[in-house]
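Descriptive structure summary
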Amino acid sequence: MSRPFSQEQLRIRPSSREEAVVKVARGHFERTLVQIKGELAGSIAALEHPRRSEAVNYGEVFLRDNVPVMVYLLLQGRHRIVRNFLTVCLELQSSTYQTRGVFPTSFIESEGELIADYGQRSIGRITSVDASLWWPVLCWLYVKHSNDRDFASSQAVQRGVQLLLDLVLHPSFEGTPVLFVPDCAFMIDRPMDVWGAPLEVEVLLYGCLRSCCHLMEVAQQQQESQVLDQRLVLTRQWLHDLRAFLLKHYWVTSKTVQLLRRRPTEQYGEHQHENEFNVQPQVIPPWLQDWLNNRGGYLIGNMRTGRPDFRFYSLGNSLACLFGLLSAPQQRALFRLVLHNRQHLMGQMPMRICHPPMEGEEWRDKTGSDPKNWPWSYHNGGHWPSLLWTFGAAVLLHDQRHHQDDAVLLAPVRAMLEECYWRQLNQLPRQQWAEYFDGPTGTWVGQQARTFQTWTIVGFLLMHHLLRVDPGAVSLLDLES
Ligand code: GLC
């Protein structure tokens, strides 16, 4: 059961309408589920949008938007829908030469035919790398929860895993364990200067490789295969190197920033490792000082030669906790940072996607003057209710595993989570379960936000499930067990 928290810690009043709101949300959620080949297999991205008659793609089944959907279905024991979803995705895994192994961004059945988008139909024609990386994670969560080991070791799944690994485990010009991607390759699918090795993609890669290992281990127990053994050794090594790389180059605290500012620059040679990416101290932004406070820490958005991206990305950081990439003390440093910066990160509608937003000249340059990504809007500092559940799950999982370690910190963090939940509960039904919110406090419904957005609805239901129905269920998301 969830531990009680003191009412004084709540700055927002609980609503007596909780059960009614949950009931309505559940009703909306059921309506998002669609059939593929005659069976329920996933949710469309939004129930309603202003230009419903036009060919916009919110009526499609997006892989990334279905992540909370599948987690929620697993928690409800509706395994069959999850398996159908995984199977359809697998059927759509690309087999053409130049994109072999890639999973689609979205798909839909039309007149009995499956139509998939690998980026060729989206605005900007961008391929989603995150969709492919999520598939093994969801597949492993399904196998773990349902114990369907036959599915895990089936030829179709094992082949899918190998095709996907081929996309990652190969030599590259950089010789680093990170995956290089263009701008717009993940949830942030419009130009935001997130090309290179953006945090979210790299953390997902970590979760993906971890899950692939689990899936291969199931197969290994059922059949002997030297190829599989070798693949496992290589994948585990990659995983290890990737984690070491991210912790070394992306993790910052007040202490590490002070070291970074005093590092030498212009270092040549193999044995000079103090400043491998030749980062000049001037690029370290002044806002970091207050942001990191005393004992806060987070993973920065990107590391590129000479140009690290110090922006804070909520999803990548939350997933780094959930997937066990960050150690327990680092996770607590992250919670401290979120607590310290809650007026930015949570505001009126938790949770902000990325902070701080780009403005003026920088906005013009880096977004290509994108009006949807106006400062404090959409991906550029907007607030997305769908992001809260990943942070919430990270906190609850940590609390479950390390409760004794720092109860003084975890109590206010949990109280903050409660408050965030109440904010959503009070506002989302009135705001028609909008996709995102705008402005420095996230009060305004996003200027171009869709309404009745599936991951807004199901994200709220997940929070409700984890806070009220079954707090222990968060262990489903533990990739380490
Ligand atoms: C927008 C978002 C993307 C999401 C899609 C469907 O394109 O940027 O992350 O998957 O809408 O909801």
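Look above for the structure.
These notes cover the structure that comes with them. (Residues numbered from 1 in each chain as written. Predicted model: local features only at pLDDT ≥ 70, side-chain atom pairs only at ≥ 80, totals over all residues. Heavy atoms only, no water.)

**Quick notes on the overall build of the chain**
When helices and strands are counted, the chain shows 17 helices and 13 strands. Against the 2.2 N^0.38 benchmark of 23 Å for 481 residues, the chain shows a C-alpha radius of gyration of 22 Å, consistent with a compact globule. Counting only contacts in the chain whose residues sit at least 6 apart along the sequence, the fraction spanning at least 24 positions is 72%. Carbon and sulfur atoms make up 51% of the accessible area of the chain, which totals about 20,500 Å². The positive charge centre, built from 47 side chains, and the negative charge centre, built from 49, are 5 Å apart in the chain. (Helix = DSSP H or I, 4+ residues; strand = E, 2+ residues; numbered from the N terminus. Rg over C-alpha atoms; globule rule 2.2 N^0.38 Å. Contact = heavy atoms within 4.5 Å. Areas by Shrake-Rupley, 256 points an atom, 1.4 Å probe, with all protein chains shown as cover. Lys, Arg positive; Asp, Glu negative; His and termini not counted. Charge placed at Lys NZ, Arg CZ, Asp CG, Glu CD.)

**Some details on the environment of Pro 281**
Among the secondary structure elements, Pro 281 is positioned in the loop between α9 (254–261) and α10 (288–292). Residues Pro 281 and Glu 361, spaced 80 residues apart in sequence, show a C-alpha to C-alpha distance of 22 Å. With sequence-adjacent residues up to four places away left out, Pro 281 is seen in contact with Arg 261 and Thr 265.

**Focus: the side chain of Thr 105**
Topologically, Thr 105 is positioned in the loop between α3 (79–91) and β5 (106–110). Take Thr 105: its relative accessible area is 7%, and that puts it in the buried class. Setting aside residues no more than four positions away along its own chain, Thr 105 makes contact with Val 61, Phe 62, Leu 63, Arg 64, Asp 117, Tyr 118, Gly 119, Ser 128 and Ala 131. (Buried < 20%, exposed > 50% of the residue type's maximum accessible area, 1.4 Å probe, protein only.)

**A few points about helix α12 (residues 328–340)**
Along an α-helix, a turn takes 3.6 residues, which lines up residues three or four apart on a common side. Counted at 1.5 Å a residue, the expected span for α12 with its 13 residues is 18 Å, and the 18 Å between its end C-alpha atoms agrees. When you tally the buried positions in α12, you get 10 out of 13 residues, the bulk of the element. By the burial criterion, the buried members of α12 are Ala 328, Gln 330, Gln 331, Arg 332, Ala 333, Leu 334, Phe 335, Arg 336, Leu 337 and Val 338. (Expected span 1.5 Å × (residues − 1).)

**Thoughts on the pattern of salt bridges**
Oppositely charged side chains can pair when the atoms bearing their charge come close. Within the structure shown, the criterion is met by 22 salt bridges. Where Arg 78 meets Glu 30, a salt bridge forms, and the shortest distance between an N and an O atom there is 2.9 Å. A residue pair is termed long-range when its members are at least 10 positions apart, and Arg 78 in the loop between α2 (66–75) and α3 and Glu 30 in helix α1 (residues 18–32) qualify at 48 residues. By sharing partners, the salt bridges in this structure join Glu 18, Glu 418 and Arg 468 into a single network. (Salt bridge = Lys/Arg side-chain N within 4 Å of Asp/Glu carboxyl O.)

**Quick look at the sheet that holds β5**
The sheet built from 3 strands is open, its strands ordered β4-β5-β6 with antiparallel pairing. Every other strand in the sheet has two partners, leaving β4 (61–62) and β6 (113–117) as the edge strands with one partner each. As defined by bridge partners, β4 adjoins β5 across 2 bridges and the pair is classed as antiparallel. In the strand pairing of β5, Val 61 is matched with Phe 107. Strand contacts of α3: β4, β5 and β6, with the helix running at about 95° to β5, the strand carrying the most contacts. (Pairing = 2+ DSSP bridges. Axes fitted to C-alpha atoms, helices over the stretch in contact; angles between N-to-C directions.)

**A closer look at the site of the ligand**
As a matter of local geometry, the ligand sits amid Ala 45, Tyr 58, Phe 62, Arg 64, Asp 65, Met 187, Asp 189, Tyr 378, His 379, Glu 435, Gln 453 and Trp 455. At 2.5 Å from an oxygen atom of the ligand is found a side-chain nitrogen or oxygen belonging to Asp 65. Between Gln 453 and the ligand, the recorded distance is 2.9 Å, taken from a side-chain N or O atom to an oxygen atom. Protein chains shield 94% of the accessible area of the ligand, which is 310 Å² for the free molecule. Per-class residue counts for the shell around the ligand are 6 nonpolar, 2 polar and 4 charged. (Near = heavy atom within 4 Å. Polar contact = N/O pair within 3.5 Å; in protein donor to acceptor, adjacent residues only side chain to side chain. Nonpolar A, V, L, I, M, F, W, Y, C, P; charged D, E, K, R; others polar.)

**A closer look at the nonpolar core**
In terms of nonpolar packing, the biggest core is built from 165 residues, with Phe 107, Tyr 298, Phe 323 and Phe 460 touching the most fellow members. The dominant element in this core, judged by the number of residues it contributes, is helix α7 (residues 199–222), at 14 residues. Once you skip the residues sitting within four places of it in the chain, Phe 323 turns out to touch Trp 134, Val 137, Val 203, Leu 204, Tyr 206, Gly 207, Arg 210 and Leu 479. (Core = buried A, V, L, I, M, F, W, Y, C linked by side-chain atoms within 4.5 Å.)

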